[in-house]
Amino acid sequence: MNVEEVICNNCGASLDVTEDTNYVSCRHCGSRLVVRQTENVRFTEVLSELKEQVDKLTQQNEVEALDRQWESEKESYMVTGKHGHRSLPTRTGSVIGGVVIAAFGIFWTIVSSGIAGGFGGPFTLFPLFGVIFVIGGIAMSVHSYSKAVAYENAQRRHQRRRRELRRRSISKSSLPVDSK
């Protein structure tokens, strides 16, 4: 076997390795090294630096996967508007929308019952449309409001999970790397 000389990436000391050597410990500084080979150069990298890079990439992948999952989940909370536009509901928008529709229903009921001669006349059906508007407005408002609350709760869970992943990554990177 051919013995080649490589340099310790940590302290610069010369190390003798064979062609099939993948890992070596520096006899001068004790660093654990990975032996790398390109087309014409053989060199070393400190193993702890590689571990930090792998940990960082792993953490980034976990956060990206969590964000992709959140984007998919967020679709389930969306509501479709008047012109087919999808948006996330808000508590305020839900209440305002319900109040507007219910107010229109009440207005319709009052006006149409006056025109129709009350609820006993031949046009009794017109005032009932107003009652349907009121009931529909309240139902839509309650549904939209509950979706808004569910979305806000899910968003808080997502943000908490994201912070936990980042905090776990920071605490891992601050741990001393085993140099055995």
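Residues numbered from 1 in each chain as written. Predicted model: local features only at pLDDT ≥ 70, side-chain atom pairs only at ≥ 80, totals over all residues. Heavy atoms only, no water.

A.B. asks: So what exactly am I meant to see when it comes to the packing of aromatic side chains here?
C.D. replies: Two measures describe an aromatic ring pair: the distance that separates the ring centres and the angle between the ring planes. Across all of its chains, the model carries four aromatic pairs by this definition. Here the aromatic rings of F104 and W108 are separated by 6.1 Å at their centres, their planes lie at 45°, and the arrangement is tilted. Separated by four residues within a single helix, F104 and W108 lie in helix 2 (residues 91-116), roughly one turn from each other. On the basis of relative accessible area, F104 is assigned to the partly exposed category, the value being 39%. Among the aromatic residues, those joined into a cluster by ring pairs are W70, Y77 and Y151. (Phe/Tyr/Trp six-rings, centres within 6.5 Å; stacked < 30°, edge-to-face > 60°. Helix = DSSP H or I, 4+ residues; strand = E, 2+ residues; numbered from the N terminus. Buried < 20%, exposed > 50% of the residue type's maximum accessible area, 1.4 Å probe, protein only.)

A.B. asks: What exactly am I supposed to notice about helix 1 (residues 47-74) here?
C.D. replies: Helical geometry: 3.6 residues make up each α-helical turn, so side chains three or four residues apart lie on a common side. Between the first and last C-alpha of helix 1 there are 40 Å, a value that for 28 residues agrees with the 40 Å anticipated at 1.5 Å per step. Those residues of helix 1 lying buried are L50, Q59, V63, L66, W70 and K74. (Expected span 1.5 Å × (residues − 1).)

A.B. asks: Is there a simple way to think about the confidence of the model for the protein in this case?
C.D. replies: Fine structural detail should not be taken from predicted coordinates in areas where pLDDT scores are low. In this model, the protein carries an average pLDDT of 83, and 88% of its residues clear a pLDDT of 70 or more. At the level of individual helices and strands, the protein shows its lowest average pLDDT in strand 5 (residues 42-46), which scores 77, and its highest in helix 2, which scores 88. Low pLDDT (under 50) marks residues 175-180, which in the prediction has six contacts with non-local residues, meaning those over four places away or in another chain. (pLDDT = per-residue confidence, 0-100. Contact = heavy atoms within 4.5 Å.)

A.B. asks: Please explain the state of the cysteines as it appears in this structure.
C.D. replies: Covalently bonding the sulfur atom of one cysteine to the sulfur atom of another cysteine gives a disulfide. Per the stated rule, a full pass over the model turns up zero disulfides. Here C8 is not disulfide-linked; the sulfur of C11 is the nearest cysteine sulfur, at 3.7 Å. Looking at C8, the relative accessible area reads 3%, which means it is buried. Residue C29 stays outside any disulfide, its sulfur separated by 3.8 Å from that of C8, the closest cysteine. Given a relative accessible area of 34%, C29 falls into the partly exposed group. (Disulfide = S-S within 2.5 Å.)

A.B. asks: Is there a simple way to explain a positive patch on the surface in this structure?
C.D. replies: On the surface, R156, R157, R160, R163 and R167 cluster together into a positively charged patch. With respect to the helices and strands, the residue R156 is situated in helix 3 (residues 125-173). (Patch = residues over 30% accessible without salt bridge, like charges linked within 9 Å, V, L, I, M, F, W, Y side chains within 5 Å. Areas by Shrake-Rupley, 256 points an atom, 1.4 Å probe, with all protein chains shown as cover. Salt bridge = Lys/Arg side-chain N within 4 Å of Asp/Glu carboxyl O. Lys, Arg positive; Asp, Glu negative; His and termini not counted. Charge placed at Lys NZ, Arg CZ, Asp CG, Glu CD.)

A.B. asks: Please explain the nonpolar core as it appears in this structure.
C.D. replies: Side chains of nonpolar character tend, in soluble globular proteins, to be buried together. Counting ten residues, the largest nonpolar core consists of V6, C8, A13, L15, V17, V24, C26, L33, V35 and V46. Elements with a minimum of two residues in this core: strand 2 (14-18) and strand 4 (32-37). For V35, the contacting residues outside a window of four places in its chain are V17, T21, N22, Y23, V24, R42, F43 and T44. (Core = buried A, V, L, I, M, F, W, Y, C linked by side-chain atoms within 4.5 Å.)

A.B. asks: Help me understand the sheet that holds strand 4 in this model?
C.D. replies: Whether parallel or antiparallel, the strands of a sheet pair through hydrogen bonds between backbone atoms. Across the sheet, three strands lie side by side as 3-4-5; this open sheet has antiparallel pairing. A strand with exactly one partner marks an edge of an open sheet, and here the two such strands are strand 3 (23-25) and strand 5. The sheet shows a mean angle of 35° between the axes of neighbouring strands, direction not considered. Here strand 4 pairs with strand 5 via five bridges, running antiparallel. The residue of strand 5 that forms the bridge with L33 is V46. Across the sheet, helix 1 is in contact with strand 3, strand 4 and strand 5; its angle to strand 5 comes to roughly 65°. (Pairing = 2+ DSSP bridges. Axes fitted to C-alpha atoms, helices over the stretch in contact; angles between N-to-C directions.)

A.B. asks: Looking at this structure, I do not really get the pairing of strand 5. What am I missing?
C.D. replies: Regular strands place side chains that alternate from one sheet face to the opposite one. Of the two faces of strand 5, the one holding R42, T44 and V46 is buried and the one holding F43 and E45 is not buried anywhere. Between strand 4 and strand 5, which pair antiparallel and follow one another directly, the connecting turn spans four residues.

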